[in-house]
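The chain contents come next:
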Amino acid sequence: MIYITRRESFNAAHKLARPDWTEDENVAVFGKCANPNWHGHNYQLYVTVKGEVNPETGFLVDLKWLKQVINTHVIDKVDHRNLNLDVDFMKGKLASTENLAIAVWDILKPHVNESGAELHCIKIYETDNNYVEYFG
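Note that the coordinates shown come from a computational prediction; the quantities given were computed from them, not determined experimentally.

Participant: So what exactly am I meant to see when it comes to the pairing of strand β4 (residues 118-125) here?
Facilitator: Working note: regular strand, side chains alternate between the two faces of the sheet. Relative to β4, strand β2 (residues 39-51) is paired through seven bridges, and the arrangement is antiparallel. From the neighbouring strand, T48 faces β4, where its bridge partner is C121. Judged from the four bridges that link them, β4 and strand β5 (residues 131-134) form a sheet pairing that is antiparallel. If you follow I122 over to β5, its bridge partner there is Y134.

Next comes the structure, spelled out in structure tokens:
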């Protein structure tokens, strides 16, 4: 079993707030992240796949292909967007990094499976100090 990871970057705005809560309740739970005027992050997305090396190519997966899949299905939809308002796969979800990681997993898993590899981990750095890892 071998693991390989591709990193991509994107910039996006979001707000952590529940529409069924008052502004005071949202601020009490989410703090500055409930700013009514949004806030943004320079995210780093790490996609790790695992499997066996193809003896003909020496690859687990072609990283050009993995980059294209990630960009087409995720980065192109989130980069320079508002996660709460602009991103179809985040509609109706609280735009936390945890929920974003789960959504990215759900999007990429079938594509990775088609390649013969298996999705192992989605890791998203929201800041230098905060990141989420999701293993499905």
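Participant: How do you make sense of the environment of T48 when you look at a structure like this?
Facilitator: Summarising the element assignment, T48 is placed in strand β2. The spacing of T48 and E118 is 70 residues in sequence and 8.8 Å in space, taken between C-alpha atoms. Contact partners of T48, with chain neighbours within four places excluded, come to Y3, I4, T5, E118, L119, H120 and C121. Separated by 2.6 Å, the side chains of T48 and T5 make a polar contact.

Participant: I would appreciate a short explanation of the environment of Y131 in the present structure.
Facilitator: With respect to the helices, strands and loops of the structure, Y131 is situated in strand β5. Between the alpha carbons of Y131 and Y43 there is a distance of 9.3 Å; along the sequence they are 88 residues apart. If near-sequence neighbours (up to four positions away) are discounted, Y131 is found in contact with K123, I124, Y125 and E126.

Participant: Where do I start with the packing of aromatic side chains in this structure?
Facilitator: Each aromatic ring pair is described using two quantities: the centre-to-centre distance and the angle formed by the ring planes. Under the criterion given, the structure shown has five aromatic pairs. Considering the side-chain rings of W105 and Y134, the 5.5 Å spacing of their centres and the 85° angle between planes classify their relative orientation as edge-to-face. With W105 in helix α3 (residues 97-114) and Y134 in strand β5, this pair connects stretches of sequence that are 29 residues apart. Look at W105 and you get buried, because its relative accessible area is 7%. Three or more aromatic residues joined by ring pairs form one cluster here, namely Y46, Y125 and Y131. The ring of W38 carries the charged tip of K15 above its face, separated from the ring centre by 4.5 Å. One cation-aromatic arrangement involves K123 over Y131; the distance from NZ or CZ to the ring centre is 5.0 Å.

Participant: For this particular structure, what's the right way to read the pattern of salt bridges?
Facilitator: A side chain with one charge may pair with a side chain of the opposite charge, provided their charged atoms come close. Counted by the stated rule, this structure contains five salt bridges. Across the pair E8 and R6 runs a salt bridge, and its minimum N-O distance is 2.7 Å. Here D20 ties to R18 by a salt bridge, and the two come within 2.8 Å at their closest N and O atoms. Given the relative accessible area of 36%, R18 is considered partly exposed.

Participant: Can you walk me through the nonpolar core in this structure?
Facilitator: Nonpolar side chains in soluble globular proteins generally cluster together in the buried interior. With 32 residues, the main nonpolar core has L45, L100, L108 and I122 as its most contacted residues. Elements that contribute at least two residues to this core include exactly β1 (2-14), β2, α2 (63-78), α3 and β4. Considering each element in turn, this core owes the most residues, eight residues, to α3. Ignoring any residue separated from it by four or fewer positions in sequence, one finds L108 in contact with V47, V69, I70, H73, V74, L119 and I122.

Rules used in this analysis
Residues numbered from 1 in each chain as written. Predicted model: local features only at pLDDT ≥ 70, side-chain atom pairs only at ≥ 80, totals over all residues. Heavy atoms only, no water. Pairing = 2+ DSSP bridges. Helix = DSSP H or I, 4+ residues; strand = E, 2+ residues; numbered from the N terminus. Contact = heavy atoms within 4.5 Å. Polar contact = N/O pair within 3.5 Å; in protein donor to acceptor, adjacent residues only side chain to side chain. Phe/Tyr/Trp six-rings, centres within 6.5 Å; stacked < 30°, edge-to-face > 60°. Buried < 20%, exposed > 50% of the residue type's maximum accessible area, 1.4 Å probe, protein only. Lys NZ or Arg CZ within 6 Å of the ring centre and 35° of its normal. Salt bridge = Lys/Arg side-chain N within 4 Å of Asp/Glu carboxyl O. Core = buried A, V, L, I, M, F, W, Y, C linked by side-chain atoms within 4.5 Å.

The quantities given are spatial measurements derived from coordinates; they are silent on function.
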